[in-house]
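Understanding the architecture of this molecule
So the chains spell out like this:
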2 protein chains.
Amino acid sequence: MSDIPALARGCAVLGTGGGGDVRTGSLAAIRAIREHGEVPLVELDDLPEDALIVPLSGIGAPTVSHEMIHSADEPGRIAEEVERLFGRPPSAIMSSEIGGSNGVAPVAWAAQLGLPLLDADGMGRAFPEVQMVSMYVAGLPADLVIMSDIVGNVVTIRPVDGLWSERLARAVCVAAGSTALMADYVLTTARARGAVIEGTVTRAIEIGRATEGTADPLGALQESLDAVRLITGKLTDVERRTTGGFVRGTATIEGTGDDRGRRLTLELQNENLVALEDGRVRAMVPDLITVVDTETAGAIQTEALRYGQRVTVLAWPCDPLWRTPKGLDTAGPRAFGYDLDYLPVEELTTHG
Amino acid sequence: MSDIPALARGCAVLGTGGGGDVRTGSLAAIRAIREHGEVPLVELDDLPEDALIVPLSGIGAPTVSHEMIHSADEPGRIAEEVERLFGRPPSAIMSSEIGGSNGVAPVAWAAQLGLPLLDADGMGRAFPEVQMVSMYVAGLPADLVIMSDIVGNVVTIRPVDGLWSERLARAVCVAAGSTALMADYVLTTARARGAVIEGTVTRAIEIGRATEGTADPLGALQESLDAVRLITGKLTDVERRTTGGFVRGTATIEGTGDDRGRRLTLELQNENLVALEDGRVRAMVPDLITVVDTETAGAIQTEALRYGQRVTVLAWPCDPLWRTPKGLDTAGPRAFGYDLDYLPVEELTTHG
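Reading the values: the criteria
- Residues numbered from 1 in each chain as written.
- Chains lettered and ligands numbered in written order.
- Predicted model: local features only at pLDDT ≥ 70, side-chain atom pairs only at ≥ 80, totals over all residues.
- Heavy atoms only, no water.
- Helix = DSSP H or I, 4+ residues; strand = E, 2+ residues; numbered from the N terminus.
- Rg over C-alpha atoms; globule rule 2.2 N^0.38 Å.
- Buried < 20%, exposed > 50% of the residue type's maximum accessible area, 1.4 Å probe, protein only.
- Pairing = 2+ DSSP bridges.
- Axes fitted to C-alpha atoms, helices over the stretch in contact; angles between N-to-C directions.
- Parallel < 35°, antiparallel > 145°, perpendicular 65-115°, else oblique.
- Left-handed = near helix turned anticlockwise from the far one by under 90°.
- Contact = heavy atoms within 4.5 Å.
- Buried area = accessible area lost by both parts, 1.4 Å probe.
- Salt bridge = Lys/Arg side-chain N within 4 Å of Asp/Glu carboxyl O.
- Polar contact = N/O pair within 3.5 Å; in protein donor to acceptor, adjacent residues only side chain to side chain.
- Nonpolar A, V, L, I, M, F, W, Y, C, P; charged D, E, K, R; others polar.
- 1 Å grid on protein atoms, 1.4 Å probe; cavity = no way out; pocket = protein on both sides within 12 Å on 5 of 7 lines; lining within 4 Å.
- Points joined across faces, edges and corners; volume = space filled by probe spheres on them.
- Phe/Tyr/Trp six-rings, centres within 6.5 Å; stacked < 30°, edge-to-face > 60°.
- Least-squares fit on C-alpha atoms with pLDDT ≥ 70 in both.
- Domains from an automatic or database assignment.
- Arc of directions from axis to C-beta.
- Core = buried A, V, L, I, M, F, W, Y, C linked by side-chain atoms within 4.5 Å.
- pLDDT = per-residue confidence, 0-100.
- Expected span 1.5 Å × (residues − 1).

What to know about the overall build of chain A
- A count of helices and strands for chain A gives twelve helices and 16 strands.
- The C-alpha radius of gyration computed for chain A amounts to 19 Å, which stays within 12% of the reference 20 Å derived for 352 residues, consistent with globular compactness.
- In terms of overall dimensions, chain A has a C-alpha envelope of 60 × 45 × 35 Å along the principal axes.
- Taken across its 352 residues, chain A has 61% of its residues classed as buried.

This is how it looks when you write it as structure tokens:
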């Protein structure tokens with residue numbers, strides 16, 4: 001787990017515009033490794049069946065967490081609470097959300113705690129709400145959330161369901177200054193099987209490395225992701241607002257070159273959720289939609305979108321778990337208020 | 001603990017306008033006693049030193065909790081969480097706040113749990129904020145809040161201090177529909193000594209009984225409380241709004257009879273906080289200010305104040321704990337945003 005720059009690039013791509021600025025997580029990871037030493041990457045089979053795995057993520061509006069420096073004690077306070085509740089300390093840290101800063105920062109949290117990082121996450125991408133995790137879709141009851149904020153408060157939520165975990169965690173997050181560290185579920189190895197998306201840390205590093213040392217980063221990234229190119233053009237309109245701990249808005253890209261005359265609009269809610277062209281959906285959540293710099297193929301987060309940027313929009317299939325009925329109920333277009341029947345990106349469009 | 005009507009009348013008087021409508025707590029207490037049997041009233045000396053005492057209160061805007069019916073499971077879920085955290089079940093329930101519904105409802109919660117009620121509370125009156133309890137003033141760290149809401153969520157807060165316990169508990173309360181059951185601190189008998197206000201359940205019953213079978217209820221109540229009469233008159237103006245889980249506003253009473261030509265204004269924040277006459281303070285928090293019906297001497301809660309009511313305003317000294325520097329920091333006039341130096345009610349006015 002030493003190639004933090006590649007991990008960060010991959011996590012930014014998987015962030016589909018959200019999950020927080022990867023630079024924040026990268027700096028924390030590099031600093032923590034320097035201070036506490038390397039973080040081993042482990043698989044489920046490396047852990048005893050009753051080992052405790054703590055899925056961690058930062059919760060909050062990206063525009064806020066980007067500004068705030070997390071205190072060094074947050075992971076420790078969550079680990080203490082886990083030990084208090086379960087009678088034994090955690091054995092590994094997992095990223096709840098591989099997309100964005102939340103994919104990289106767990107390296108820092110694991111280093112601080114002297115624990116290995118599980119090569120897995122709970123989304124295979126980024127999602128804006130607490131209950132939108134594979135553990136919930138896999139049927140594990142959303143029965144425990146532990147939060148720690150920058151001033152040192154620890155809040156443990158035993159919600160009746162995933163929607164209440166989101167509602168209560170969001171309220172605590174906003175009261176705590178719109179950013180907090182959160183453990184959503186505490187898993188044993190046995191419970192984690194089939195309930196986490198395995199291999200996503202390795203996958204993020206591969207994606208990050210794909211664009212290294214090549215004359216055609218965009219082509220290399222597209223091939224690594226097996227993505228369709230929705231448009232190449234110029235950002236002509238960006239509208240964003242931060243409300244209730246979320247960034248919402250739209251971004252419009254006017255085609256250039258071969259795409260001249262075309263126009264793509266992205267609907268945003270922390271992440272890029274729906275891509276529309278001439279009133280027709282070209283890709284939609286839970287499939288992944290990422291805006292990248294056309295020249296460098298570096299992913300551009302929602303809060304970094306600016307007028308005039310030369311960008312390409314890529315889209316590719318989500319983990320199959322999200323295409324199950326419960327996956328779509330949890331994080332399909334209707335879960336975000338779009339009156340759309342989900343169609344897979346590969347049916348909506350062809351490779352471009 | 002069978003004279004619930006007297007307890008309810010006394011708690012209404014001690015509620016200084018707040019603490020929730022005592023009818024809600026009374027009905028719950030009477031029903032719970034009928035179903036589960038009598039609730040023994042115990043003193044600290046009746047309990048082993050390591051017995052766990054759970055101070056409970058409803059949190060929320062009175063205008064909301066008045067409307068909502070608490071689920072029967074809330075006390076049970078808090079007791080479960082106490083046992084999970086401490087490794088042993090609670091031995092007694094305590095009212096966090098003797099004033100208002102929160103002074104009576106603990107009888108119901110104790111009955112449901114089959115536990116005795118401690119003859120003590122954390123305020124000796126009602127206060128609007130979570131950290132305004134004797135345990136905090138006595139120097140116990142505000143390190144644990146357990147909340148249970150009507151749908152069954154349980155939230156445990158380990159705040160860094162009392163102000164954060166208020167901020168986080170309020171946020172959870174609002175997210176949970178503006179009403180929840182809350183344990184603020186969990187005490188052992190040993191920790192409770194000097195940190196709770198003893199004898200207040202018995203005192204509330206005495207106050208409630210003072211107005212029974214007398215031709216002069218107002219005089220009897222005033223004598224029982226050793227209170228000063230600030231004004232007798234008619235409610236001519238009431239302005240209230242519910243924001244962020246609080247009722248705030250003012251009430252104006254125009255004097256009648258001997259008090260003709262005088263006018264008293266009360267500043268409200270769930271409770272009656274400051275009484276002003278001609279720009280002069282006549283009584284202020286943490287001393288107690290209660291509006292009673294002039295004829296029956298029944299206390300009138302903030303949310304029941306109506307134009308035209310014939311009322312008398314009584315004021316009397318708070319528990320000495322609230323007059324210490326930390327007591328005044330916590331619940332003196334400045335804690336509520338009034339730029340006033342505290343003066344005891346007995347120095348501001350003479351018996352009228």
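Looking at the sheet that holds strand 12 (residues 263-269) of chain B
Residues and elements named next belong to chain B.
- One open sheet holds the seven strands; their spatial order is 14-13-12-11-10-16-15, and the pairing between them is antiparallel. Edge positions in the sheet fall to strand 14 (280-284) and strand 15 (288-293), since each has one partner strand and no second. Each strand axis lies, on average, 35 degrees off the axis of its neighbour in the sheet, ignoring direction.
- Here six bridges tie strand 15 to strand 16 (residues 310-316), and the two strands are oriented antiparallel to one another. Directly across from T290, in strand 16, lies its bridge partner L314.

Quick word on the packing of helix 9 (residues 200-210) of chain B against helix 10 (residues 217-225) of chain B
Residues and elements named next belong to chain B.
- For the pair helix 9 and helix 10, interaxial distance at closest approach is 8 Å and the crossing angle is 155 degrees. In terms of axis orientation, helix 9 runs roughly antiparallel to helix 10. Crossing of helix 9 over helix 10 shows right-handed handedness. Contacts between helix 9 and helix 10 involve R203, E206, I207 and A210 on the former and, on the latter, A220, L221, S224 and L225.

Examining the interface of chain B and chain A
- Each partner contributes residues to the interface: chain B has 22 residues there, and chain A has 22 residues.
- Carbon and sulfur atoms make up 58% of the surface buried where chain B meets chain A, a total of about 1,900 Å² over both sides.
- Joining chain B to chain A, the criterion identifies two salt bridges.
- Of the charged contacts in the structure, one is a salt bridge between B:E81 and A:R158, with a shortest N-O distance of 2.9 Å.
- Remark: the boundary between chain B and chain A carries nine residue pairs in polar contact (both at pLDDT 80 or more).
- At the level of secondary structure, the elements contributing two or more residues to the side of chain B that touches chain A comprise helix 4 (74-86), strand 6 (154-158) and helix 7 (162-175) of chain B.
- Class assignment for the residues of the side of chain B that touches chain A results in 13 nonpolar, four polar and five charged.
- Summarising the sheet, strand 6 (residues 154-158) of chain A and strand 6 of chain B pair through five bridges and their orientation is antiparallel. Bridge pairing in strand 6 of chain B places A:I157 opposite B:V155.

Looking at empty space enclosed by the protein
- Following the criterion strictly, the structure yields two cavities of 30 Å³ or more and no others.
- Taken as a whole, the largest cavity encloses approximately 40 Å³ of empty space.
- Taken together, A:L168, B:M147, B:S148, B:D149, B:N153, B:V155, B:V172, B:A176 and B:A180 make up the lining of the largest cavity.
- Grouping the amino acids of the lining of the largest cavity by side-chain chemistry returns six nonpolar, two polar and one charged.
- Considered as a void within the structure, the second largest cavity measures approximately 30 Å³ in volume.
- A:M147, A:S148, A:D149, A:N153, A:V155, A:V172, A:A180 and B:L168 are the residues that line the second largest cavity.
- Class assignment for the residues of the lining of the second largest cavity results in five nonpolar, two polar and one charged.

Describing the packing of aromatic side chains
Residue and element names in this part refer to chain A.
- Enumeration over the complete set of coordinates arrives at four aromatic pairs over all chains.
- Between F127 and W322, the ring centres sit 4.8 Å apart and the planes meet at 70 degrees, which makes this aromatic pair edge-to-face. Here F127 is found in the loop between strand 4 (117-121) and helix 6 (134-137), whereas its partner W322 is found in the loop between strand 16 (310-316) and helix 11 (325-331), with 195 residues between them in sequence.
- Take F127: its relative accessible area is 3%, and that puts it in the buried class.

Digging into the sheet that holds strand 15 (residues 288-293) of chain A
Residues and elements named next belong to chain A.
- Spatially, the seven strands line up as an open sheet ordered 14-13-12-11-10-16-15, and their pairing is antiparallel. The open sheet has two free edges, formed respectively by strand 14 (280-284) and strand 15, since each of these has just one partner strand. Ignoring strand direction, the axes of neighbouring strands in this sheet form an average angle of 35 degrees.
- Judged from the six bridges that link them, strand 10 (residues 228-243) and strand 16 form a sheet pairing that is antiparallel. Across the sheet, G233 pairs through a bridge with V311, a residue of strand 16.

Quick notes on the relation of the copies chain B and chain A
- Structural alignment of chain B on chain A gives an RMSD of 0.0 Å, achieved by rotating through 180 degrees and translating 0.0 Å along the axis. Both copies are brought into coincidence by an operation consistent with a two-fold rotation axis. Of the C-alpha atoms belonging to chain B, the one lying closest to the rotation axis is found on B:T156, 2.4 Å away.
- In this assembly the copies share their binding face: 100% of the residues contributing to the interface of chain B also contribute to that of chain A.

Some words on the domain arrangement of chain A
All names here are of chain A.
- The assigned domain composition of chain A is domain 1 (4-201) and domain 2 (216-348).
- The C-alpha centroid of domain 2 is placed 25 Å from the C-alpha centroid of domain 1.
- Regarding the contact of domain 1 and domain 2, the summed buried area is about 2,700 Å², with carbon and sulfur atoms giving 65% of it.
- Looking at the side of domain 1 facing domain 2, the largest losses of area belong to V13, T16 and V137, adding up to 23% of the total buried there.
- Run the count over domain 1 and domain 2 and you get zero salt bridges.
- Summed over the shared surface of domain 1 and domain 2, the number is nine residue pairs in polar contact (both at pLDDT 80 or more).
- Broken down by secondary-structure element, the contributors of at least two residues to the side of domain 1 that touches domain 2 are helix 1 (4-14), helix 3 (62-65), helix 6 and helix 7 (162-175).
- A class-by-class count of the residues in the side of domain 1 that touches domain 2 yields 15 nonpolar, 13 polar and six charged.

Re helix 9 (residues 200-210) of chain A
All names here are of chain A.
- Of all the positions in helix 9, only T200, V201, A204, I205, I207 and G208 are classed as buried. Buried residues of helix 9, seen end-on, are gathered within an arc of 160 degrees and therefore sit on one face of the element.
- Against the buried residues of helix 9 lie helix 1, strand 1 (41-42), strand 4, strand 9 (197-198) and helix 10 (217-225).

Notes on the nonpolar core
- Counting residues in each nonpolar core, the largest one holds 174 residues, and the members touching the most others are A:L7, A:V107, A:M135, A:I146, B:L7, B:V107 and B:I146.
- Excluding its chain neighbours within four sequence positions, the residues that come into contact with A:L7 are A:M1, A:G103, A:V104, A:V107, A:V201, A:A204 and A:I205.
- Counting residues in hydrophobic clusters, the runner-up holds 30 residues, among them A:V155, B:I59, B:W164 and B:A169.

Section: the confidence of the model for chain A
Residue and element names in this part refer to chain A.
- Of all residues in chain A, 95% attain a pLDDT of 70 or more, and the chain-wide mean is 92.
- Here residues 63-68 is modelled with pLDDT under 50, and outside its nearest four sequence neighbours on either side it reaches 13 contacts, counting other chains as well.
- Reported confidence for the predicted complex is 0.78 by ipTM and 0.82 by pTM.

Digging into helix 2 (residues 22-36) of chain A
Residue and element names in this part refer to chain A.
- For helix 2, built from 15 residues, the straight-helix expectation of 21 Å at 1.5 Å per residue is met to within 8% by its first-to-last C-alpha distance of 20 Å.
- Within the sequence span of helix 2, burial applies to V22, G25, S26, A29, A32 and I33. Angularly, the buried residues of helix 2 cover 140 degrees about the axis, an arc narrow enough to put them on a single face. Exposed side chains of helix 2 directed beyond 90 degrees from the buried face belong to R23, L27, R31, R34 and E35.

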